[in-house]
Amino acid sequence: IIAAKIPLYNYDFSLFISAVTDQKNEYYNDQNLSFSYENRSIIFNVSAPFYLAPQSSLYQYYIEGVGADWSTWSAKSDFSFPLLSPGKYNMHIRARNVLGKLSNELIINFTIRPPFWLSWWFLSLCGLFLIGVAFLIFRLRFLKLRKDKTILEQKVWERTALIQRQKNEIETQKQEIMDSILTAQRIQKA
């Protein structure tokens, strides 16, 4: 008896994205995923159909830069991320069927756009505004110092004039007293 080799069925175990939604349950095209900062609560729903036991597939994921390693295997086929910070992300997802075979690794690229107050143009405007305010403060301070200097110079000039007048009055009084003394001496000699 010759045993014929019976070819085993070559099954293909693939992973697919079923849906991508945000917190408002809006569906997104999985080609260019870009979420606003306000709608950054994201749910990825995937499926990996396997015909021996369709509900027994397990899933795991990791996001580059967020998690250090793969998550634990879970029967849950939807992954939710409630509060991701703005940036570009690459999420890797894979599935394992009941026989232990791993699916192809699915990589989903998505972006969470920063809010307007973290955008480059807003930060530039804030920087320019702060520079303008600082310049205005320095300019007003400079003008106040110049005005104070003018007032101080005016007071110095007035006080100098007052001292000069008082000096002249004292010299006039001194001259009058000296003249009186001289006159009194002449009268006494006479």
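Quick look at the structure, then.

About the cut-offs
- Every chain's residues receive numbers from 1 upward, in the order its sequence appears when written.
- Restriction of local features to residues with pLDDT of at least 70 applies here, the model being predicted, together with a cutoff of 80 or more for giving and counting side-chain atom pairs; totals for whole chains, interfaces and linings are based on all residues.
- Hydrogens are left out, water is left out, and the side-chain values use all remaining heavy atoms of the structure.
- Helix and strand assignments follow DSSP, with helices taken as H or I runs no shorter than four residues and strands as E runs no shorter than two, numbered in order from the N terminus.
- Atoms considered for the radius of gyration are the C-alpha atoms alone. The globule rule reads 2.2 Å times the number of residues to the power 0.38.
- Think of it in three bands: with a 1.4 Å probe and only protein chains considered, a residue is buried below 20% of the maximum accessible area for its type, exposed above 50%, and partly exposed in between.
- Should any heavy atoms of two residues lie within 4.5 Å, those residues are considered in contact.
- Pairing between strands requires that DSSP locate at least two bridges from one strand to the other.
- As a rule, the C-alpha atoms of each element are fitted with a line to give its axis, helices using only the stretch in contact, and angles between N-to-C directions run from 0 to 180 degrees.
- What makes a salt bridge here is a side-chain nitrogen of Lys or Arg within 4 Å of a carboxyl oxygen of Asp or Glu, nothing more.

### Topic: the overall build of the chain
For the chain, the count of helices and strands is one helix and seven strands. Ordered by position from the N terminus, the helices and strands of the chain form the series β-β-β-β-β-β-β-α. Since a compact globule built from 190 residues should have a radius of gyration of about 16 Å, the 46 Å found for the chain marks it as more spread out than a globular shape. Judged by the C-alpha coordinates and their principal axes, the chain covers about 175 × 30 × 20 Å. Residues counted as buried form 21% of the 190 residues belonging to the chain. Of the contacts made within the chain by residues no fewer than 6 positions apart, 58% connect residues no fewer than 24 positions apart.

### Topic: the sheet that holds strand 4 (residues 58-63)
Read across the sheet, four strands follow the order 2-7-6-4 without closing on themselves; strand pairing throughout is mixed. At either end of the open sheet lies a strand with only one pairing partner, and these are strand 2 (33-35) and strand 4. Mean inter-strand twist for the sheet, computed between neighbouring axes without regard to direction, equals 25°. Bridge count for strand 2 against strand 7 (residues 106-112) is three bridges, and the pairing is parallel. When the sheet's bridge partners are listed, Phe35 is paired in strand 7 with Ile112.

### Structural notes on the sheet that holds strand 1 (residues 16-21)
Strands sit in the order 1-3-5 across an open sheet of three strands; the sheet is antiparallel. Only two strands of the sheet have a single neighbouring strand rather than two, namely strand 1 and strand 5 (78-81). Going across the sheet, the axis of each strand differs from the next one's by a mean of 15°, ignoring polarity. Strand direction decides the pairing type here: strand 1 and strand 3 (residues 42-47), joined by five bridges, are antiparallel. When the bridges of strand 3 are listed, Ile17 appears paired with Val46.

### A closer look at the pattern of salt bridges
In this structure the tally under the stated criterion is two salt bridges. For Asp148, the salt bridge identified is with Lys144, shortest N-O distance 3.0 Å. With Asp148 and Lys144 both in helix 1 (residues 120-189) and four residues apart, this pair spans about one turn of that helix. Residue class for Asp148 comes out partly exposed when judged on its relative accessible area of 33%. You can call Lys144 partly exposed: its relative accessible area is 44%. One salt bridge in this structure joins Lys167 and Glu171, with 3.9 Å as the shortest N-O distance. Here the residue Lys167 and the residue Glu171 both occupy positions in helix 1, the gap between them amounting to four residues, near one helical turn.

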